Amino acid sequence: MSTLYLQFFPLVTIIIRSIDRPTLNEALNSVADQTYLHIEVIVVNAKGGNHPDLGTSCGRFPLHLINQEGGSIGRSAAANAGLEAAQGDLLGFLDDDDLLRPDHVKCL
């Protein structure tokens, strides 16, 4: 990705609150398919305990799993944990049973 692109297009953090539903992979795939090119993905383990490993990328975007092996946390606490970990200039939230259209971030 060119430096010029990064200069004009802010980093967008997509925060996914996860209780490890079977639909999590579909949610991650919908983020990976975004046409906007400057995204980071934060998955917050809201169920507590040991969340299955997700790797370090969501398609071409970096992925970070937080609250691994931590306690169960509610939606608001999971959102706050994601906000604390976010590096983006702009933020979006997604639950692990939701999907984004491929141009969602670009259109926003």
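Everything that follows concerns the structure shown earlier in this document.
The rules behind each value
Residues numbered from 1 in each chain as written. Predicted model: local features only at pLDDT ≥ 70, side-chain atom pairs only at ≥ 80, totals over all residues. Heavy atoms only, no water. Helix = DSSP H or I, 4+ residues; strand = E, 2+ residues; numbered from the N terminus. Rg over C-alpha atoms; globule rule 2.2 N^0.38 Å. Buried < 20%, exposed > 50% of the residue type's maximum accessible area, 1.4 Å probe, protein only. Pairing = 2+ DSSP bridges. Contact = heavy atoms within 4.5 Å. Axes fitted to C-alpha atoms, helices over the stretch in contact; angles between N-to-C directions. Disulfide = S-S within 2.5 Å. Patch = residues over 30% accessible without salt bridge, like charges linked within 9 Å, V, L, I, M, F, W, Y side chains within 5 Å. Areas by Shrake-Rupley, 256 points an atom, 1.4 Å probe, with all protein chains shown as cover. Salt bridge = Lys/Arg side-chain N within 4 Å of Asp/Glu carboxyl O.

Draft legend 1. Molecular detail of the overall build of the protein. Along its length, the protein carries four helices and five strands. Reading the helices (α) and strands (β) of the protein from amino to carboxyl end gives α-β-α-β-β-β-α-β-α. For a compact globule of 108 residues, the expected C-alpha radius of gyration is about 13 Å, and the protein comes in at 13 Å, within 12% of that figure. Taking the principal axes of its C-alpha atoms as reference, the protein extends roughly 40 × 25 × 25 Å. Across the 108 residues in the protein, those meeting the buried criterion constitute 40%.

Draft legend 2. Main features of the sheet that holds strand β4 (residues 61-66). Spatially, five strands are ordered β3-β4-β2-β1-β5 in an open sheet, and the strand pairing comes out mixed. The strands lining the two open edges of the sheet, one partner per strand, are β3 (57-58) and β5 (90-95). Judged from the six bridges that link them, strand β1 (residues 12-18) and β5 form a sheet pairing that is parallel. Each residue of the ladder has a partner; that of Arg17, found in β5, is Asp95. The sheet contacts of helix α2 (residues 24-32) involve β1, β2 (39-45), β3, β4 and β5, and relative to β1 the element is tilted by about 175 degrees. Running over the sheet, helix α3 (residues 75-85) touches β1, β2, β4 and β5 and is turned about 140 degrees from β2.

Draft legend 3. Molecular detail of the environment of Gly71. Looking at the element boundaries, Gly71 is found in the loop between β4 and α3. Sequence spacing of Gly71 and Asn45 is 26 residues, and the spatial spacing of their C-alpha atoms is 8.8 Å.

Draft legend 4. The state of the cysteines, seen in detail. The final tally for this structure, using the stated rule, is zero disulfides. Free of any disulfide, Cys58 has its nearest neighbouring cysteine sulfur in Cys107, separated by 18 Å. For Cys107, a relative accessible area of 59% puts it in the exposed group.

Draft legend 5. View of a nonpolar patch on the surface. A cluster of nonpolar side chains, namely Leu83, Leu91 and Phe93, defines an oily patch on the protein surface of about 250 Å² accessible area. Here Leu91 shows up in strand β5.

By themselves, these are just geometric observations and shouldn't be taken as functional.
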